[in-house]
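# Per-entry structural report
Now for the letters of each chain:
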Amino acid sequence: MATTVLDRVVRWNLDLDGDLYGDERERYRWYEGIATASQLQAILIPWAAAISVWPLGEHAVAPLAIMLVVFWLPALLSTIYVRARKVETAPRSWSAKRVLLTAVTALPYGVFMAGAFYVHNPDSPTWIGAIVGGVIGGGISVVGLIVKSRQVQRREALAKDED
């Protein structure tokens, strides 16, 4: 597999030579801390934008939207990187923890969109339509994820039977 720019960025961030994070044990602990910080940021930053757009008004929509897109891009790049290495990114099962984390990390984007429509024109029912559309889209996404999870489970079961 050819080395890509993303591969180089990942290797630089992993700090395999120990320059930033020390030896392997220390680096592992740093990775745990970074994963924890990342999960908390994935919850808190979008919620801060979703809540802020309502009282700050229309002038805050563009900068908050830019912040959310820029915040979301590294997660997208991470998924692309992992999938390129043939790692299954669809969940094998949906625990209560996974459902909760998915809800609290996805919901603020819908709340932000509804707020953006509302502050643009509070007298228009467009923001209510955005909520309804978001619920429908979310439902379709959940169904898609469940189907994908079942495909992964079936594929793993077939692979296990062949062994």
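An account of the accompanying structure is given in this report. (Residues numbered from 1 in each chain as written. Predicted model: local features only at pLDDT ≥ 70, side-chain atom pairs only at ≥ 80, totals over all residues. Heavy atoms only, no water.)

Regarding its fold elements, the protein presents 5 helices and 0 strands. Reading the helices (α) and strands (β) of the protein from amino to carboxyl end gives α-α-α-α-α. In terms of C-alpha radius of gyration, the protein reaches 20 Å, well past the compact-globule figure of 15 Å for 163 residues. Split into buried and exposed, the 163 residues of the protein put 16% on the buried side. Partitioning the contacts of the protein with sequence separation of at least 6, the portion at a separation of at least 24 is 65%. (Helix = DSSP H or I, 4+ residues; strand = E, 2+ residues; numbered from the N terminus. Rg over C-alpha atoms; globule rule 2.2 N^0.38 Å. Buried < 20%, exposed > 50% of the residue type's maximum accessible area, 1.4 Å probe, protein only. Contact = heavy atoms within 4.5 Å.)

With that settled, the discussion passes to a nonpolar patch on the surface. On the surface, a nonpolar cluster with roughly 520 Å² of combined accessible area is contributed by V69, W72, L73, L76, L77 and I80. In this fold, L76 is placed in helix 3 (residues 61–84). Since its relative accessible area comes to 32%, L76 is described here as partly exposed. (Patch = residues over 30% accessible without salt bridge, like charges linked within 9 Å, V, L, I, M, F, W, Y side chains within 5 Å. Areas by Shrake-Rupley, 256 points an atom, 1.4 Å probe, with all protein chains shown as cover. Salt bridge = Lys/Arg side-chain N within 4 Å of Asp/Glu carboxyl O.)

In this structure, A49, A50, V53, A60, V61, L64, L68, F112, A116 and V119 together form the largest nonpolar core, which totals 10 residues. Of all elements in the fold, only helix 2 (24–56), helix 3 and helix 4 (96–120) reach the threshold of two or more residues within this core. Apart from residues lying up to four places away in sequence, V119 is in contact with V53, W54, G57, E58 and V61. (Core = buried A, V, L, I, M, F, W, Y, C linked by side-chain atoms within 4.5 Å.)

A rise of 1.5 Å per residue sets the reference length of helix 2, with its 33 residues, at 48 Å; its end C-alpha atoms lie 46 Å apart and thus fit the reference within 8%. Along its length, helix 2 reaches its greatest deviation from straightness, about 30°, at Q41. Buried within helix 2 are the following residues: R27, I43, P46, A49, A50 and V53. For helix 2, the secondary structure elements touched by its buried residues are helix 1 (5–14), helix 3 and helix 4. You can read the cap of helix 2 off the contacts: a side-chain oxygen lies 3.1 Å from the backbone nitrogen of R25, and it is on D23. Count one or two residues on from helix 2 and you reach G57, which has phi positive near 90°. (Expected span 1.5 Å × (residues − 1). Bend = angle between axes of the 7 residues up to and from the residue. Polar contact = N/O pair within 3.5 Å; in protein donor to acceptor, adjacent residues only side chain to side chain.)

A word on the pattern of salt bridges. Enumeration over the complete set of coordinates arrives at 3 salt bridges. Salt-bridge contacts for R155 lead to E88; the nearest nitrogen and oxygen are separated by 2.7 Å. Taken together, the residues span a long stretch of sequence, with R155 in helix 5 (residues 126–162) and E88 in the loop between helix 3 and helix 4 at a distance of 67 residues.

The next subject is the packing of helix 3 against helix 4. The geometry of helix 3 relative to helix 4 is characterised by a closest axis approach of 11 Å and an angle of 160° between their N-to-C directions. Between helix 3 and helix 4, the angle is such that the two are roughly antiparallel. Classified by chirality, the crossing of helix 4 by helix 3 is left-handed. Contacts between helix 3 and helix 4 involve V61, L64, A65, L68, F71 and W72 on the former and, on the latter, Y109, F112, A116 and V119. Per-class residue counts for the contact of helix 3 with helix 4 are 10 nonpolar, no polar and no charged. (Axes fitted to C-alpha atoms, helices over the stretch in contact; angles between N-to-C directions. Parallel < 35°, antiparallel > 145°, perpendicular 65-115°, else oblique. Left-handed = near helix turned anticlockwise from the far one by under 90°. Nonpolar A, V, L, I, M, F, W, Y, C, P; charged D, E, K, R; others polar.)

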